[in-house]
Amino acid sequence: MSNKIFMRRFWLLAIVALVVFGCKDASETNTNTDTTISDDVNNNVEQYRSRFHFTPEANWMNDPNGLVYFDDTYHLFYQYYPHGTVWGPMHWGHAVSKDLLNWEHKPIALYPDKHGYIFSGSAVIDKQNTAGFGENAMVAVYTYHNANLEKENSILYQTQGIAYSTDKGETWTKYKNNPVLDNPGIKDFRDPKVFWNVDKLKWQMLLAAKDHIQIYESNNLKNWAKISEFRLNDNPPLGVWECPDLFKLTVEGSTEEKWVLIISHGGESSPNGGSGTRYFVGDYDGITFTTNQKVNKWIDYGTDNYAGVTYNNTPNNKRIFIGWMSNWNYATVTPTETWRSAMTLPRELKLIKMITVIL
């Protein structure tokens, strides 16, 4: 009897540990002394504050939002409660950087309003002025969370809104006809990730819809139509689906292109307990995402990487990923005085083809 040789091909999402573009000398200080990498003992850095991971100037922070690059600057928005070190009515905090290590804190970008708290979302640069807010307007797409409707036991408490900035993110105006997408009858309907599909010349948006992903498209960022869904029969279920992302990568060392879908999960879903982020490698035809992947793959096997998404509009289409460096199992009780939570180091994602041989 002859031996049979089986070859199995799969794709692995590789993570480059740290992405630094044009990083200056490590001894140079920055106006944000909280996160500078300077060793100057006179710069008033707090003893236990991270020197490399982004931290809020004060109070509570969780998910990264609106990661977008524009005019030589990386923008980091984030879930923020400015009145305490525990979770509260969500705002969008804001910081900017030239090198992804040294950050300058900016004023709060988005505040809650009559439609609700400002939950997670994304930001894009509207280069063609499709929305009518101005050429190269920075447009934020986010979830409204209406706490009053939630208290009334309505399942329609999450909708999607937009806001725009014409001064590189310094000031923001909310669209007068918000919300731009009403709730279709799903309790958890949030975390829009928007990107420009260059093949279809349309905006496309992924939304977490309780236990699956919905995909929408638009010509103008204001009017959205659903085009498909992606779901799996996880057994056991991995908890609520959150913070999706979808992007194309070229397989290292080849011309082959694949699409990567990122999903974060609550509950006890991650390999080492608590919340975690998994990914799928597959194909996307501009309408439907498909994958042959049979096993779960995780962005990070540590317990402190959640709700991560990638930057839009980066130079050379690099996929730079930042996650929330915490876990809902203990996020609200980690010791602190002034601020709570940090972001992971920025990491570039790459796709590598692996081949295993089974004799």
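The structure this text deals with has already been given above.
What counts, and at which threshold
Residues numbered from 1 in each chain as written. Predicted model: local features only at pLDDT ≥ 70, side-chain atom pairs only at ≥ 80, totals over all residues. Heavy atoms only, no water. Helix = DSSP H or I, 4+ residues; strand = E, 2+ residues; numbered from the N terminus. Buried < 20%, exposed > 50% of the residue type's maximum accessible area, 1.4 Å probe, protein only. Contact = heavy atoms within 4.5 Å. Areas by Shrake-Rupley, 256 points an atom, 1.4 Å probe, with all protein chains shown as cover. Core = buried A, V, L, I, M, F, W, Y, C linked by side-chain atoms within 4.5 Å. Salt bridge = Lys/Arg side-chain N within 4 Å of Asp/Glu carboxyl O. Pairing = 2+ DSSP bridges. Axes fitted to C-alpha atoms, helices over the stretch in contact; angles between N-to-C directions.

**Q** Where do I start with the overall build of the protein in this structure?
**A** The secondary structure content of the protein amounts to one helix and 22 strands. When burial is assessed residue by residue, the protein has 54% of its 359 residues classed as buried. The long-range share in the protein, meaning contacts at least 24 apart out of those at least 6 apart in sequence, stands at 57%. Element-wise, carbon and sulfur atoms account for 49% of the exposed surface of the protein, whose accessible area totals about 16600 Å².

**Q** Just checking my understanding: could you explain the nonpolar core for this structure?
**A** The nonpolar side chains of a soluble globular protein tend to be buried with one another. Formed by 20 residues in total, the largest nonpolar core has its most connected members in Val139, Val194, Met205, Leu221 and Trp224. Elements that contribute at least two residues to this core include exactly strand 7 (137–145), strand 10 (189–197) and strand 11 (202–209). Of the residues forming this core, the biggest block, four residues, is contributed by strand 11. In this view, methionine 205 contacts Val141, Leu181, Pro192, Lys193, Val194, Gln214, Ile215, Tyr216 and Trp224; residues no more than four positions away in its chain are not counted. One finds Leu76, Tyr80, Ala95 and Met343 within the second-largest nonpolar core, a separate group that totals 16 residues.

**Q** It is not clear to me how the pattern of salt bridges should be interpreted in this structure. Could you clarify?
**A** Oppositely charged side chains can form a pair if their charged atoms are brought close together. Per the counting criterion, the structure on display carries 18 salt bridges. A salt bridge links aspartate 211 to arginine 231, with the shortest nitrogen-to-oxygen separation between them at 4.0 Å. Taken together, the positions of aspartate 211 in the loop between strand 11 and strand 12 (213–218) and arginine 231 in the loop between strand 13 (225–230) and strand 14 (241–250) put the pair 20 residues apart, joining distant regions of the chain. A residue is classified by how much of its surface remains accessible, and aspartate 211, at 39% relative accessible area, is partly exposed. Residue arginine 231 is classed as partly exposed on the basis of its relative accessible area, which comes to 45%.

**Q** In this structure, what is going on with the side chain of threonine 73? I would like to understand it.
**A** Within the fold, threonine 73 resides in strand 3 (residues 73–81). Using a relative accessible area of 12% as the deciding quantity, one classes threonine 73 as buried. Ignoring any residue separated from it by four or fewer positions in sequence, one finds threonine 73 in contact with Val68, Val96, Ser97 and Lys98.

**Q** Looking at this structure, how should I read the environment of asparagine 153?
**A** By the secondary structure assignment, asparagine 153 is in the loop between helix 1 (147–151) and strand 8 (158–165). Separated by 34 residues in sequence, asparagine 153 and lysine 187 have C-alpha atoms that sit 9.8 Å apart.

**Q** I tried to follow the pairing of strand 5 (residues 103–110) on my own but got confused; where do I start?
**A** Regular strands place their side chains on alternate faces of the sheet. Relative to strand 5, strand 4 (residues 91–97) runs antiparallel, the two being bridged by five bridges. Note on strand 5: the bridge partner recorded for tryptophan 92 is leucine 110.

**Q** Explain the sheet that holds strand 11 here, please?
**A** Pairing between the strands of a sheet comes from backbone hydrogen bonds, and it takes one of two forms, parallel or antiparallel. Taken in spatial order, the four strands line up as 10-11-12-13 in an open sheet, and their pairing is antiparallel. Two strands bound the open sheet, and with one partner strand each, they are strand 10 and strand 13. The mean inter-strand angle of the sheet, taken between neighbouring strand axes irrespective of direction, is 25°. Pairing of strand 11 with strand 12 involves six bridges; the strand directions are antiparallel. Residue pairing for strand 12: leucine 207 is matched across the bridge by glutamine 214.

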